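# Descriptive structure summary
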Amino acid sequence: MPAFPVPGSRSRIHRAHVMAAGCAVALSTVLAVPVAADAGKTTTATTTTTKPTIVLVHGAFADASSWNGVVERLERRGYTVIAPANPLRGLYTDSTYIASVLDSIKGPIVLAGHSYGGAVISTAAAANPRVKSLVYVSALMPDVGESGMSLGAKYPSELGTATKSVPYRAGGVSGTDLYLKPDRIHSVFAADLPVNTARVMAVTQRPAATTAFSETAKVAAWKHIPSWFLVAKQDKTINPDQERFEAKRAGSHTVEINSSHVAMVSHPDAVTALLLQAATAADPARPALAATGTTHDARAETALTGIATGTLIAGTGAILLGRRLRRSRP
């Protein structure tokens, strides 16, 4: 004989079905959250990336035009590039100025420095979370308490014999500028460029105040930001052994090429390739985190917690549904 539900049983069964469906929706919603929300970077399971802005900082005796060949190559690959004028007035002044340039940029940044520009970016990038990579091209890379002069004393080069001092006065401030001697700029600074090009460099060079090399670094951003380093094996301005020491100490991704000090002028393809490595590195681990053991992944933890919670909700819904169905029978 068929069993007929008692009065009101249909409404109870309907409510139970609704509850079970709600649990299923809650479970599917919890499981979908890790894919749908990833710090605003993705809206689907397919990850999209934003190209960083590449900032190129020149060194002493040069200007931003020294990066021209690299700028052209990067722009052809779709990158936004900024090559600001480095004041060359002193490490503290120059790094403060470059830091203000970085503050005007939205999104991730790859920050590169040539020669003395390396010391500048090491300070300017400190405490800026948008600088994802540092790139050093035959550059100074001082630690806290070090200066260009102190590093040069440990690793002598021919630069000391190739400069001349000229007093200057500006806005009530006086000091001493360093220039490269015109007859030494080819052999010491740009030996792999044509002599005529070196002569133009001598005429158009921008001097650096002695404080650019004497002021000691107060911070060293390369301790916390992944770095790349190009060692110029024929460099006579900065000793190549100094460059190797700096790169090894920082744990930099390092390449060596047969170049004079001005690698970005004489070998723009090699410098561009290194910058692209830094720009396309997939979320490189920061050196300060490398020795801390397993990195805590909050997103993975959230996903696991969501799965456990969703399973509990679904299980509870199934139990309640079973109980209501049993009670609804005569």
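Residues numbered from 1 in each chain as written. Predicted model: local features only at pLDDT ≥ 70, side-chain atom pairs only at ≥ 80, totals over all residues. Heavy atoms only, no water.

## Focus on the overall build of the chain
Helix and strand counts for the chain come out as 13 helices and 9 strands. Residue burial in the chain is summarised as follows: out of 330 residues, 42% are buried. Summing over all exposed atoms, the chain offers an accessible surface of approximately 17,000 Å²; the carbon and sulfur share of this is 59%. (Helix = DSSP H or I, 4+ residues; strand = E, 2+ residues; numbered from the N terminus. Buried < 20%, exposed > 50% of the residue type's maximum accessible area, 1.4 Å probe, protein only. Areas by Shrake-Rupley, 256 points an atom, 1.4 Å probe, with all protein chains shown as cover.)

## A closer look at the side chain of E146
Along the chain, E146 falls in the loop between β4 (131-137) and α5 (148-154). We classify E146 as buried; its relative accessible area is 13%. For E146, the residues in contact, after removing those within four places along its chain, are L151, K154, E215, T216, A217 and R249. (Contact = heavy atoms within 4.5 Å.)

## A few points about the sheet that holds strand β5 (residues 163-170)
The strand order across the open sheet built from 3 strands is β5-β6-β7, with neighbouring strands paired in antiparallel fashion. Of all strands in the sheet, those bounded by a partner on one side alone are β5 and β7 (208-209). (Pairing = 2+ DSSP bridges.)

## Description of the packing of helix α3 (residues 91-103) against helix α4 (residues 116-124)
Viewed as axis vectors pointing N to C, α3 and α4 meet at an angle of 60 degrees, and their least axial separation amounts to 8 Å. When you trace α3 past α4, the crossing you get is right-handed. Every residue of α4 that contacts α3 at L91, D94, S95, I98, A99 and L102 is listed here: Y116, A119, V120, T123 and A124. (Axes fitted to C-alpha atoms, helices over the stretch in contact; angles between N-to-C directions. Left-handed = near helix turned anticlockwise from the far one by under 90°.)

## Topic: the pattern of salt bridges
Counting across every chain of the model gives 7 salt bridges. In this structure, R89 engages D177 in a salt bridge whose closest nitrogen and oxygen atoms are separated by 2.8 Å. Pair noted here: R89 is in the loop between β2 (81-82) and α3 and D177 is in strand β6 (residues 173-180), with a separation of 88 residues, a long-range link. R184 is the salt-bridge partner of E158, the closest N and O atoms lying 3.3 Å from each other. Here the residue E158 occupies a position in the loop between α5 and β5, and R184 occupies one in the loop between β6 and α6 (185-189), the gap between them amounting to 26 residues. The partly exposed category is assigned to E158, whose relative accessible area is 33%. Since its relative accessible area comes to 22%, R184 is described here as partly exposed. Each of D241, R244 and E256 takes part in a single network of salt bridges with overlapping partners. (Salt bridge = Lys/Arg side-chain N within 4 Å of Asp/Glu carboxyl O.)

## Remarks on the environment of P129
Looking at the element boundaries, P129 is found in the loop between α4 and β4. Measuring from C-alpha to C-alpha, the distance between P129 and I109 comes to 9.2 Å, with 20 residues separating the pair along the chain.

## Observations regarding helix α7 (residues 195-204)
Among the residues of α7, those classed as buried are A198, M201 and A202. All buried residues of α7 project into a common sector of 100 degrees when viewed along the axis, lining one side. Residues of α7 that are exposed and point over 90 degrees away from its buried face: N196, R199 and V203. Looking at the buried side of α7, the elements it contacts are α6 and α10 (263-266). (Arc of directions from axis to C-beta.)

## Describing the confidence of the model for the chain
On average, residues of the chain score 80 in pLDDT, and 71% of them reach the 70 mark or higher. The least confident element of the chain, judged by mean pLDDT, is helix α13 (residues 298-328) at 39; the most confident is strand β1 (residues 53-57) at 99. Here residues 1-48 is a poorly scored stretch, pLDDT under 50, and it has 37 contacts once near neighbours within four places are set aside; other chains count. A low-confidence stretch, residues 288-330 (pLDDT under 50), is modelled with 30 contacts involving residues beyond four sequence positions or located in other chains. (pLDDT = per-residue confidence, 0-100.)

## Description of the pairing of strand β9 (residues 253-257)
The sheet contact formed by strand β8 (residues 227-232) and β9 spans 5 bridges and is parallel. Each residue of the ladder has a partner; that of A232, found in β9, is I257. For the crossover that starts at β8, traverses helix α9 (residues 240-250) and ends in the parallel β9, the hand is right-handed. (Right-handed = clockwise from strand over helix to strand, strands pointing away.)

## Here we look at the packing of helix α2 (residues 68-76) against helix α11 (residues 268-280)
Where α2 meets α11, the closest approach of the two axes is 9 Å, and the angle between their N-to-C directions is 50 degrees. As judged from the angle between their axes, α2 and α11 are oblique. For the crossing formed where α2 meets α11, the hand is right-handed. Side by side, α2 and α11 meet where G69, V70, R73 and L74 of the first sit next to P268, D269, V271, T272, L275 and L276 of the second. Grouping the amino acids of the contact of α2 with α11 by side-chain chemistry returns 6 nonpolar, 2 polar and 2 charged. (Parallel < 35°, antiparallel > 145°, perpendicular 65-115°, else oblique. Nonpolar A, V, L, I, M, F, W, Y, C, P; charged D, E, K, R; others polar.)

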